[in-house]
Amino acid sequence: MSRLPVKKTYKLFIGGAFPRSESGRTFVVDGQNVALASRKDARDAVRAARGAFARWSGATAYNRGQVLYRLAEMMEARAADLAAVSGGRDEVERSIDRVVWYAGWADKLAQALGGANAVAGPYFNFTIPEPTGVVATLAPDEPPLEGLVSRILPALVSGNAVVAVASESSPLAAIELAEAAATSDMPGGALNILTGRKAELAPILAGHADVNAIDLTGANGDVAELERLAAGNVKRIVRGMPAGESLWEIEPLVEMKTVWHPVGV
Amino acid sequence: MEQATTPARTVEPFEPRLTRIGAVDAVALEARAADLAKRSIKRGSKLEALDLIVRMIDLTTLEGADTPGKVAALCAKAMRPDPVDTSVPSVAAVCIYPTLAGEARRRVDGSGVHVASVATAFPSGQSPIAIKVAEARAAVELGADEVDMVIDRGAFLSGRHAEVFDQIVKVREACGPAHLKVILETGELGTYDAVRRASLLAMAAGADFIKTSTGKISPAATLPVTLCMLEAIRDVHVETGRVVGMKPAGGIRHSKQAIQYLCVLHETLGRDWLTPQRFRFGASSLLNDVLMQIRTQKTGVYESPDRFTVD
Amino acid sequence: MAELEPRTDGGLEWTYAPAPESRAIVSFEERYGLYIGGETIEPRSGEWFTSISPASEEPLAEVAQAGPEDVDAAVGAARSGFAAWSELRPAERAKYLFRIARIIQERSRELAVAESLDGGKPIKESRDVDLPLAAAHFFYHAGWADKLEYAFPNRRPQPLGVAAQIIPWNFPLLMLAWKVAPALACGNSVVLKPAETTPLTALLFADVCRQAELPAGAVNIITGDGSTGAELVRHAGIDKVAFTGSTEVGKAIQRELAGRGVPHTLELGGKAANIVFEDCALDQAIEGIVNGIYFNQGHVCCAGSRLLVQESILEPLLGKLRNRLSTLRLGDPLDKNTDIGAINSRAQLDRITELVASGEAEGAELYQPACELPERGFWFPPTVFTNVAQSFRIAQEEIFGPVLSVMTFRTPAEAVDKANNTAYGLSAGVWTEKGSRILWMADRLRAGVVWANTFNRFDPASPFGGYKESGFGREGGRHGLEAYLRFEG
């Protein structure tokens, strides 16, 4: 007797939950209905990210590293599901190892990017990296899983909260990843994922005044216009490698804070 | 501003001489409180601890909607918390607004339960001093034998510490024989340094008890802030011999928390302070949780809230 | 646990009674062989000795006394292990270390109980400090394994080969983590010799390695006494030595390695000054003083064993300190309420006793709170000496026990002079609310670790190690990796 499978519903990932688009719209990918995010969903995602930022950035670096390692654990458990909606097993394994690689940076960024500075005077002076805040990420369309992971991990490991727009051509991998994130002990809202049209969502995020940085690595269409919109609140504009693994992918997403204190009896 | 006369009870010299104010390191204080919270209490002794907690509770209702009927129910609960088990003792006091002090007095008179009334424009304290003093006096006349006043946080936070001190002295005087608890509203003070300073100031001004909170804002009582205040009490006691009690209020809902407070109290001030004469819990829902735990200790069965009265 | 009785004034009598952590969670083998090449093997020496619980003197398990042939076998296994381990992609080495970290977290309670049984430290410490830090060290170093080129840009870091590691009995599993994690992360293999009196958590760690499916020979554990360690250091086949222990043995190791070209790091003894200024947060400083010298019964190389108090607050501080000492609970290490556990061995107890007697003989004033010592086991009550001169043995020599010597100073400069007046230089404490003074003192204190308004804080990201005769080299942080690498650039 054949058995009818219970098919998954692919929704957005906002605030740790899986809501449908407030617009009620969907689009079809591989015979699958996928939520088509609207400007209001983007607005809600930014709000969720801002709400989660204090807790995520306030966690110890060690804790962030452990949570992101657990994300890798959850992805490993879902490797077959992830492979079915992405480029396959190889891409999934690279993606999981990428998450592990970035997770290991959490408690080392301060040493690698910061330090004490020898100023000329009786002052102790030190520079520490801090997350910039809410990062909007336009994920590369290909590879759909590895590209997304390679762009959001540098932001997350340094304590930023992320609103990511998934690959437009292959969005299912992003929602599978969201399910792994939802079970990884990551605070709800630290990572938010919108599926839909980049042309519709990118300008909203680029112009949003409560977004601190925009990652244009996966941007298509009128990129100059996005940069113009970003200038509205002096956003940091970031571009990186679509499937890269480097400390220098993290560095553009942190702010350097320098503190002075006199040395005296 | 007119100087208050030194009330008969206090023994300090007229000039307010504070114990060394010093500073409080927040990280170390909170770590110490967390460490004390891990102390274990032996199962066999739990019943005595729970009994003591009941006897330390100031059962509280401080709502705009309080009526004589509400207070009557509260007093009945205060005198006999467990309708089934008469070995459960009465609580220390009921804590109400001044207009209900009379009703409370009528209900609990002769039972050993005290009547504690808030006063001084509780909870904000934002009222002219003459009115606050008059309110305290009235509360006592209406039947309160304990008064819970609030310090003037506006004055404190704008640096007018002498004014805060003077207000307490005046209210202390107006209370006459009633015993005075001074609420610091620690959740508004911002730092443990400020909590310590306010504690020392209140004690120098004649407080019989210092109390954390009105219970109307969050955070209310916490273990670290309680530890901070108990350390101030200890310093005053060591330096002057004065005994001042302490009352954490608000946010203590479970027996487990109450026991942690007793551990902090014991470790800081020793067993002499493990008495309702020197320590109270300002609480309402805590009582039922303690009653449930008491019954569980006696019967071995986990309890349901349905089997305890809601007052 | 508290034992409570009602008092007539409506109050309560309150004393604590036992709150034992269950020891059922750990089960020791009767006998542990050596962990060599991924296998457990009998010692070729044919010799065994017993590890006991210092709290009760009961035997816990028999362990092997590794002789020269066993040391040779271990180094050989580490050599082949190194070949396999260093051939792996660094990202794969990282994932083994992450596995070990996770398994330690999962088996934390079991390992904590084992640690307290074998070594005598309170379960509160092994559970809340030793185990979380041990797991954290593996977690932290796992993340470096595939990022070494960032830690040492342009230098082309390479592993050294076989690392010989000898660790002490005061933080057995934690010291193992401090040694093994960076060594493996940098691509080396390891031959580790745990201390004679505390071998058991290292042997349980061998089981953790098995669970993690660690390639054979990457980690090798040989138990034995000082002679095993000496044999290991003498072995021609080792590429690196890391030692934590007494200054005396450290010097012997340094002499043995002279001229051999074997890189080595030493983490030795200390006689740290804990400096308290009049403007400190006093109650919290008391906690820091108490933690500084009574944590782990004072068996801590970086213990704050000399208290330098600004003279203007001496009396109030001593009053609070005595009061606080009277609340310290000494007893069964497995009791969750215990603050002070057992002294690690008869030998250490004798040493402490001798030094304390010298203190009294030289004219210092001794204070100990009333303390009931259990009948069996090795115990010493928390002790404070006042009226101490810099020249007294108790102010000069490392006691490695719960004994605090109190001296005074008048000015910051005088505090610095007194603090630095020692051949040691591992750590120091500074207690003041004034930020600039903290930094001024930190500038001038000749110590590898300065704690301000805190004490005994450790983190895998924070480099730890000494100046002068407290040793050289750092453990933890990017700096700690250097000891396990050679550089082609």
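Digging into the overall build of chain C
Inference 1: Per the secondary structure count, chain C includes 16 helices and 22 strands.
Inference 2: Here the C-alpha atoms of chain C give a radius of gyration of 23 Å, agreeing with the 23 Å that 2.2 N^0.38 yields for 489 residues.
Inference 3: Taken over the C-alpha atoms alone, chain C extends approximately 70 × 50 × 40 Å along its principal axes.
Inference 4: The buried share among the 489 residues of chain C stands at 65%.
Inference 5: Look at the contacts in chain C between residues 6 or more apart in sequence, and 73% of them connect residues 24 or more apart.
Inference 6: Surface summary for chain C: the accessible area is close to 16700 Å², and the carbon and sulfur share equals 48%.
Inference 7: Each charge sign in chain C was given a centre, from 48 positive and 63 negative side chains, and these centres are 7 Å apart.

So, the interface of chain C and chain A
Inference 1: Of the residues lining the interface, 30 residues belong to chain C; the matching set on chain A comes to 24 residues.
Inference 2: Contact between chain C and chain A buries roughly 2300 Å² in total, counting both sides, with carbon and sulfur atoms accounting for 62%.
Inference 3: Remark: the boundary between chain C and chain A carries two salt bridges.
Inference 4: In this structure, K95 of chain C engages D97 of chain A in a salt bridge whose closest nitrogen and oxygen atoms are separated by 2.6 Å.
Inference 5: For the pair chain C and chain A, the number of links is 14 residue pairs in polar contact (both at pLDDT 80 or more).
Inference 6: Elements supplying a minimum of two residues to the side of chain C that touches chain A: α2 (90-106), α4 (123-144), α15 (435-444) and α16 (477-481) of chain C.
Inference 7: Looking at the side of chain C that touches chain A element by element, the count peaks at seven residues for α4 of chain C.
Inference 8: Taken together, the residues that form the side of chain C that touches chain A break down as 13 nonpolar, six polar and 11 charged.

Focus: the sheet that holds strand β7 (residues 245-247) of chain B
Residues and elements named next belong to chain B.
Inference 1: As summarised here, the arrangement of the eight strands in space is β7-β6-β5-β4-β3-β2-β1-β8, forming an open sheet in which the pairing is parallel. The two strands at the open ends of the sheet, each matched to only one other strand, are β7 and β8 (281-283). Averaged over all pairs of adjacent strands, the angle between strand axes in this sheet comes to 25°, irrespective of strand direction.
Inference 2: In terms of strand pairing, strand β1 (residues 57-60) meets strand β2 (residues 93-96) through three bridges, oriented parallel. Within the sheet, the bridge partner assigned to L59 lies in β2 and is V94.
Inference 3: Strands in contact with helix α4 (residues 101-108) are β2 and β3 (114-119); relative to β3, the strand with the most contacts, it is inclined by about 170°.
Inference 4: On the sheet, helix α10 (residues 223-240) packs against β6 (209-211) and β7 and is oriented at approximately 170° with respect to β7.

Description of the packing of helix α1 (residues 26-36) of chain B against α10 of chain B
Residues and elements named next belong to chain B.
Inference 1: Between α1 and α10, the shortest axis-to-axis distance is 8 Å and the interhelical angle comes to 105°. Between α1 and α10, the interaxial angle falls into the category roughly perpendicular. Of the residues in α10, those in contact with L29, E30, R32 and A33 of α1 are L223, P224, L227, C228 and E231.
Inference 2: Tallied by class, the residues present in the contact of α1 with α10 amount to six nonpolar, no polar and three charged.

Focus: the packing of helix α8 (residues 198-207) of chain A against helix α9 (residues 223-230) of chain A
All names here are of chain A.
Inference 1: Following both chains from N to C, one finds α8 and α9 inclined at 25°, their axes separated by 7 Å at the closest point. Put simply, α8 runs roughly parallel to α9. The element α8 and its partner α9 pack so that their crossing is right-handed. Residues A202, P203, A206 and G207 of α8 touch α9, and the partners they reach there are L226, L229 and A230.
Inference 2: Of the residues contributing to the contact of α8 with α9, the split by class is six nonpolar, one polar and no charged.

Describing the domain arrangement of chain C
Residues and elements named next belong to chain C.
Inference 1: Along its sequence, chain C is organised into domain 1 (23-268 + 468-487) and domain 2 (273-452).
Inference 2: Taking only C-alpha atoms, the centre of domain 1 and the centre of domain 2 are 30 Å apart.
Inference 3: Counting residues at the interface gives 30 residues for domain 1, matched by 33 residues for domain 2.
Inference 4: Area buried by domain 1 at its contact with domain 2 is led by E57, W169 and K468, which between them contribute 23% of it.
Inference 5: Applying the counting criterion to the domain 1 and domain 2 interface returns one salt bridge.

Here we look at the environment of S169 of chain A
Residue and element names in this part refer to chain A.
Inference 1: Inspection of the secondary structure puts S169 in the loop between β6 (161-165) and α7 (172-182).
Inference 2: Since its relative accessible area comes to 44%, S169 is described here as partly exposed.
Inference 3: Measuring from C-alpha to C-alpha, the distance between S169 and E142 comes to 8.3 Å, with 27 residues separating the pair along the chain.
Inference 4: If we ignore the near neighbours within four places in the chain, the residues touching S169 are V29, D141 and E142.
Inference 5: Here S167 takes part through its side chain, which lies 3.4 Å from a polar atom of the side chain of S169.

Thresholds applied
- Residues numbered from 1 in each chain as written.
- Chains lettered and ligands numbered in written order.
- Predicted model: local features only at pLDDT ≥ 70, side-chain atom pairs only at ≥ 80, totals over all residues.
- Heavy atoms only, no water.
- Helix = DSSP H or I, 4+ residues; strand = E, 2+ residues; numbered from the N terminus.
- Rg over C-alpha atoms; globule rule 2.2 N^0.38 Å.
- Buried < 20%, exposed > 50% of the residue type's maximum accessible area, 1.4 Å probe, protein only.
- Contact = heavy atoms within 4.5 Å.
- Areas by Shrake-Rupley, 256 points an atom, 1.4 Å probe, with all protein chains shown as cover.
- Lys, Arg positive; Asp, Glu negative; His and termini not counted.
- Charge placed at Lys NZ, Arg CZ, Asp CG, Glu CD.
- Buried area = accessible area lost by both parts, 1.4 Å probe.
- Salt bridge = Lys/Arg side-chain N within 4 Å of Asp/Glu carboxyl O.
- Polar contact = N/O pair within 3.5 Å; in protein donor to acceptor, adjacent residues only side chain to side chain.
- Nonpolar A, V, L, I, M, F, W, Y, C, P; charged D, E, K, R; others polar.
- Pairing = 2+ DSSP bridges.
- Axes fitted to C-alpha atoms, helices over the stretch in contact; angles between N-to-C directions.
- Parallel < 35°, antiparallel > 145°, perpendicular 65-115°, else oblique.
- Left-handed = near helix turned anticlockwise from the far one by under 90°.
- Domains from an automatic or database assignment.

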